[in-house]
Every structure is written in C-alpha cells, then in structure tokens.
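# Structural features, examined
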Amino acid sequence: MEKVNRKTTKLCSFYVSDWHLVTMLLPYLNEEINKENKIVTLLETNIKEKVETLVKKLNLKNSEQILDINWNIVKTKKYLELKNILNDESRGEKSITIIVNGTKKFIDNISKNIERWTKQNKNVENIKIINCYEITEFNYNITEILDEHDKILNTSGEREKQDVFEGYEKGTKIV
C-alpha cells in the first residue's frame, strides 16, 4: 500500500449559540481561504442565515467565497454518502479544512467516517478538521475532547490547548 505523506491537524472548539459559532469561524475562515484551503462543512445545524447576516456586516476580503460554502445541514451520517461528499469537495485540492458542528454524538460519528475517508484518500496533502461542540448539549468531560485534538479554535484563532485551559495536561480532569 502506498504511504501518503500527509499532515492532519484536529482542532476542537466550543460554542454557546449559532451566533457565537459563526462569529468565531468567519475571521478564521477568511484566513484559511487566503491560504487557498478548500472549506468543507458537515453540519448538524443550519447556520446559513447567520453566516449571510454576519458576512454582510463584516468587512471580509473573502466574503463571496465564504458565502459559497455549504452552510446547510448534512442530511446523512452514512459513510458512503459522506465519502462521496468529501471526494467531490476535495477533488483537485491539496489542502482542505473540514468543519463539523453539533453534539458530541454527531461529531463522534462524523469523525469516524472522516478518519476512514482520510485513510482511503491519497490526494489531499493537508487536512485540518475542526470539531465545533455545542456546549449546551455537552454533558461529557471536556478533557476527553481536548485529548482527542491537537489545538483549540476560539474567537482569537487557533491556540494551544494549554494556552486556553491553564493547567491542562493530557488525561488530567479539568475542574
């Protein structure tokens, strides 16, 4: 089997409302588009209207590209359908950013399918996965989520976990 030279980075993010999620994502995505990263969304909630509202109010260089992203709900959790979505979206791309939002259960299911897809896809060199957890639906230990990710995305951008959660160490419960 051919070995793929790929960099995969997993980020987590926590939001309290769809407005908070969109406010956090837009400036970050504006920069990702500048780096010529393809943006793919796998969303449990439809945030299209909120994205459109905020893009109109903000002075973002890449407004058109942000509005062209699919901000609607992904209607399936089945691997073959997600594989087709990811293959279509990543065709010809070297770098992609995949945004997943929703409950922990939804994100866990989608993450398994993304991981399976990354093992089969040999074309994309850089994959960044951003799992955005809705905190109001969240009843799990935050440490488990932090342990599964490389960094955190918040309103100030991509950050090290220790910078956001002082005293964080892998496997140590955060109080």
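Going by the structure above, here's the rest.
Report on the accompanying structure. (Residues numbered from 1 in each chain as written. Predicted model: local features only at pLDDT ≥ 70, side-chain atom pairs only at ≥ 80, totals over all residues. Heavy atoms only, no water.)

Here the focus is the side chain of His-149. Within the fold, His-149 resides in the loop between α6 (142-147) and β5 (151-154). His-149 sits in the buried class, given a relative accessible area of 2%. Every residue in contact with His-149, bar those within four places of it in the chain, is listed here: Lys-10, Leu-11, Cys-12, Asn-131, Tyr-133 and Lys-161. (Helix = DSSP H or I, 4+ residues; strand = E, 2+ residues; numbered from the N terminus. Buried < 20%, exposed > 50% of the residue type's maximum accessible area, 1.4 Å probe, protein only. Contact = heavy atoms within 4.5 Å.)

For any pair of aromatic rings, geometry is given as the distance between the ring centres together with the angle between the planes. One pass over the structure, following the stated rule, counts two aromatic pairs. Between Phe-14 and Phe-165, the ring centres sit 6.5 Å apart and the planes meet at 90 degrees, which makes this aromatic pair edge-to-face. Here the residue Phe-14 occupies a position in strand β1 (residues 7-15), and Phe-165 occupies one in the segment after α7 (161-164), the gap between them amounting to 151 residues. Taken together, the ring pairs connect Phe-14, Tyr-133 and Phe-165 into an aromatic cluster. Positioned over the ring face of Tyr-79 is Arg-116, at 3.9 Å from the centre of the ring. (Phe/Tyr/Trp six-rings, centres within 6.5 Å; stacked < 30°, edge-to-face > 60°. Lys NZ or Arg CZ within 6 Å of the ring centre and 35° of its normal.)

In this structure the tally under the stated criterion is 10 salt bridges. The shortest N-O distance in the salt bridge between Lys-38 and Glu-89 comes to 3.1 Å. Residue Lys-38 is located in strand β2 (residues 38-43), and its partner Glu-89 is located in helix α4 (residues 79-90); the two are separated by 51 residues in the primary sequence. Through salt bridges with shared partners, a single ionic network connects Glu-32, Lys-35, Lys-128, Lys-151, Glu-158 and Glu-160. (Salt bridge = Lys/Arg side-chain N within 4 Å of Asp/Glu carboxyl O.)

Position of Lys-161 relative to the elements: it lies in helix α7. For the buried residue Lys-161, which engages in no salt bridge, the nearest side chain bearing the opposite charge is Asp-147, 5.4 Å off. Look past the residues within four positions of Lys-161 in its chain and what remains in contact with it is Leu-146, Asp-147, His-149, Asp-150, Lys-151, Ile-152 and Tyr-168. (Lys, Arg positive; Asp, Glu negative; His and termini not counted.)

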